[in-house]
Amino acid sequence: MREGGRVSGEKLGRTVGISRTAVWKYIAELRREGYQISSSPRLGYSLISAPDELLPEEIKGGLNTNIMGKQIIHYREISSTQDIAKALAAQGADEGVVVVAERQTQGRGRMGRNWFSLPGSICLSLILRPELKPLEALKFPLIAGVGAAQAINKLTGLRPELKWPNDLILGGKKVGGILAELSAETDRVIYIVLGIGINVNTPRNLFPEEIEAIATSLKEECGKEVSRVKLVQAILVELESLYEELKFVGFEPIRQKWKSLSNTIGFWVRVSNAKEEIEGEAIDIDQEGALILRKASGSLQRIIAGEVTLRKEVNRGGNLGGQV
Ligand code: BTN
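The paragraphs below set out a description of the structure included in this document.

Basis of the calculations
- Residues numbered from 1 in each chain as written.
- Predicted model: local features only at pLDDT ≥ 70, side-chain atom pairs only at ≥ 80, totals over all residues.
- Heavy atoms only, no water.
- Near = heavy atom within 4 Å.
- Polar contact = N/O pair within 3.5 Å; in protein donor to acceptor, adjacent residues only side chain to side chain.
- Areas by Shrake-Rupley, 256 points an atom, 1.4 Å probe, with all protein chains shown as cover.
- Helix = DSSP H or I, 4+ residues; strand = E, 2+ residues; numbered from the N terminus.
- Nonpolar A, V, L, I, M, F, W, Y, C, P; charged D, E, K, R; others polar.
- Phe/Tyr/Trp six-rings, centres within 6.5 Å; stacked < 30°, edge-to-face > 60°.
- Buried < 20%, exposed > 50% of the residue type's maximum accessible area, 1.4 Å probe, protein only.
- 1 Å grid on protein atoms, 1.4 Å probe; cavity = no way out; pocket = protein on both sides within 12 Å on 5 of 7 lines; lining within 4 Å.
- Points joined across faces, edges and corners; volume = space filled by probe spheres on them.
- Contact = heavy atoms within 4.5 Å.
- Arc of directions from axis to C-beta.

**Thoughts on the site of the ligand**
Around the ligand, 20 residues are found, and the nearest of them are Ser 80, Gln 104, Arg 108, Arg 110 and Lys 174. Contact distances for the ligand include 2.7 Å between an oxygen atom and a side-chain N or O atom of Ser 80. A distance of 2.6 Å separates an oxygen atom of the ligand from a polar atom in the backbone of Arg 110. When the ligand is considered free in solution it has 410 Å² of accessible area, and contact with the protein chains removes 99% of it. At the level of secondary structure, the elements contributing two or more residues to the shell around the ligand comprise helix 4 (81–90), strand 5 (121–128), strand 8 (173–185) and strand 9 (188–199). Broken down by element, the shell around the ligand gets its largest block of residues, four residues, from strand 8. Looking at the shell around the ligand residue by residue, the classes come out as six nonpolar, 10 polar and four charged.

Now the structure itself:
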């Protein structure tokens, strides 16, 4: 039916190997799920529209990945996809399992903050089991940022920038964020859950007051609706290819991609974390994904966690007033 045109109940039954009565029951089930399907006794069925939901069958249809999305679990409403994915991973779920939700009631962001999962957004958590030392896990939020930015670019032509470690920025505003959570023993990672939140079709008037000046959505930036299903598919494809690259080539090509997407390198920044506030010029990221700052004293400092505020571009001297 997806290929267009009308398909008779008899043909559908023959293709799938079920009776016409069973076809009728499945069509009724799909309609209950929100698919609009027209039927005529002589001509058969045709698909008018699919629901705007991240349904596993929709995401899996045409998804060409081996690992990412091998199982997709969908919720209309859940506390946090991150919590579900972590519980599944702790029970031994395979890498590549994805949890998606239309709405989260307790979405979590980095540094203990809340994440508003707004209508028209994507909330996704992905389980990975890389064979790595815990210290190497810092690469994963960066990999997720590169994957999400590349997927957005391929689907919409927009060019999101990455603010270290992995905020997705468009037009100076945040369009998405990534939360990477880790379970590890002293010398090995047991699992990583990558949580990705992207404001896709969220209209400006739905942003809560506290973030309306600093947040945006893909639709606001490109002026048209973006298919959330296609974006999830594109993210899974990009992440799989980066994951393979990491395994077989190493982190260096991904580090270079991250740097080419970065809006952080070359800026005077302030980094705040639970312990301190540090200022300096962001000059690079290292082989582990840590941010390297050159402080006013000239000494270098390696940062592995924190919230970055861009102050001014060092080479051109433009002042951003600390707003990003
Ligand atoms: C940040 O920018 O602070 C990270 C935001 C991460 C949000 C995503 S939405 C899917 C997953 N579930 C959560 O509760 N958080 C992440």
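**Considering the packing of aromatic side chains**
Enumeration over the complete set of coordinates arrives at one aromatic pair. Each ring, one from Phe 140 and one from Tyr 243, has its centre 6.0 Å from the other, and the planes form 70°; the classification is edge-to-face. In this pair, Phe 140 is assigned in helix 5 (residues 139–156) and Tyr 243 in helix 7 (residues 228–248), connecting sequence segments 103 residues apart. Side by side, Phe 140 and Tyr 243 carry an identical accessibility label, which is buried.

**A look at empty space enclosed by the protein**
Throughout the structure, instances matching the rule amount to one cavity of 30 Å³ or more. Here the largest cavity is characterised by a volume of approximately 30 Å³. Lining the largest cavity are Met 68, Leu 126, Leu 128, Phe 140, Ile 143, Leu 194, Leu 239 and Tyr 243. Broken down by secondary-structure element, the contributors of at least two residues to the lining of the largest cavity are strand 5, helix 5 and helix 7. In the lining of the largest cavity, the residues fall into eight nonpolar, no polar and no charged.

**Structural notes on the environment of Gly 61**
Note that Gly 61 resides in the loop between helix 3 (56–60) and strand 3 (71–75). Gly 61 sits in the partly exposed class, given a relative accessible area of 45%. Residues Gly 61 and Val 229, 168 residues apart in the sequence, show an inter-C-alpha distance of 9.8 Å.

**Some words on unusual backbone geometry**
Each neighbour pair has its own omega, and for Trp 164 with Pro 165 the value is 0°, a cis peptide bond. Its place among the elements puts Pro 165 in the loop between strand 6 (161–163) and strand 7 (167–170). The phi dihedral of Met 111 is positive, around 55°, even though this residue is not glycine. Along the chain, Met 111 turns up in the loop between strand 4 (97–101) and strand 5.

**Remarks on the side chain of Glu 238**
As for its placement among the helices and strands, Glu 238 is situated in helix 7. A relative accessible area of 6% places Glu 238 in the buried class. Setting aside chain neighbours within four positions, we find Glu 238 in contact with Gly 147, Gln 150, Ala 151 and Lys 154.

**What about helix 1 (residues 9–16)?**
Taken together, the buried positions of helix 1 are occupied by Gly 9, Leu 12 and Gly 13. Down the axis of helix 1, the buried set is contained in an arc of 100°. They therefore lie on one face. The outward face of helix 1, more than 90 degrees from its buried face, is lined by the exposed residues Arg 14 and Thr 15. Residue Gly 17 follows helix 1 closely and has a positive phi angle near 80°.

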